[in-house]
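# Geometric and topological summary
Each chain is listed here by its residues.
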Amino acid sequence: MANLVINKVHFKIVNPAILIWVSKEDFFEAKKKQSSRKDT
């Protein structure tokens, strides 16, 4: 039971961190694509 609670808390903390990281990666990829388009 305690393990389930820990997992829930862990998921709540880790999941937003993953979402932020993924959106950051997407943002940088989009920026790279835009800048490379300008160069060509």
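Just above, that's the structure.
Residues numbered from 1 in each chain as written. Predicted model: local features only at pLDDT ≥ 70, side-chain atom pairs only at ≥ 80, totals over all residues. Heavy atoms only, no water.

## As for the overall build of the chain
Put simply, the rule reads: By definition, any uninterrupted DSSP run of H or I lasting at least four residues is a helix, any uninterrupted run of E lasting at least two residues is a strand, and each is numbered from the N terminus. Burial status follows relative accessibility: with a 1.4 Å probe on protein chains alone, a residue under 20% of its type maximum counts as buried, one over 50% as exposed, and anything between as partly exposed. For accessible areas, the Shrake-Rupley method is used with a probe of radius 1.4 Å. Any residue's cover is judged against the shown protein chains and nothing else.
Scanning the chain from N- to C-terminus turns up 1 helix and 0 strands. Evaluated residue by residue, the chain yields a buried proportion of 0% over its 40 residues. As displayed, the chain offers around 4100 Å² of accessible surface, 67% of which is attributable to carbon and sulfur atoms.

## Focus: the pattern of salt bridges
Just so we agree on the cut-off: Here a salt bridge means any side-chain nitrogen of Lys or Arg lying within 4 Å of a carboxyl oxygen belonging to Asp or Glu.
All told, the structure shown has 1 salt bridge when counted by the stated rule. Between Lys32 and Glu29 there is a salt bridge, with the nearest N and O atoms lying 3.5 Å from each other. With a gap of 3 residues between them, Lys32 and Glu29 both fall in helix α1 (residues 2–39), about one helical turn apart. Judged by relative accessible area, which is 36%, Glu29 ranks as partly exposed.

## Quick notes on a nonpolar patch on the surface
Our working rule: Surface patches are defined over residues having more than 30% relative accessible area and no salt bridge, joining like charges when they lie within 9 Å and nonpolar side chains (Val, Leu, Ile, Met, Phe, Trp, Tyr) when within 5 Å.
Where nonpolar side chains cluster on the molecular surface, the patch consists of Met1, Leu4, Val5, Val9, Ile13, Val14, Ile18, Trp21 and Val22 and spans about 910 Å² of accessible area. The residue Val14 is located in helix α1 in this model.

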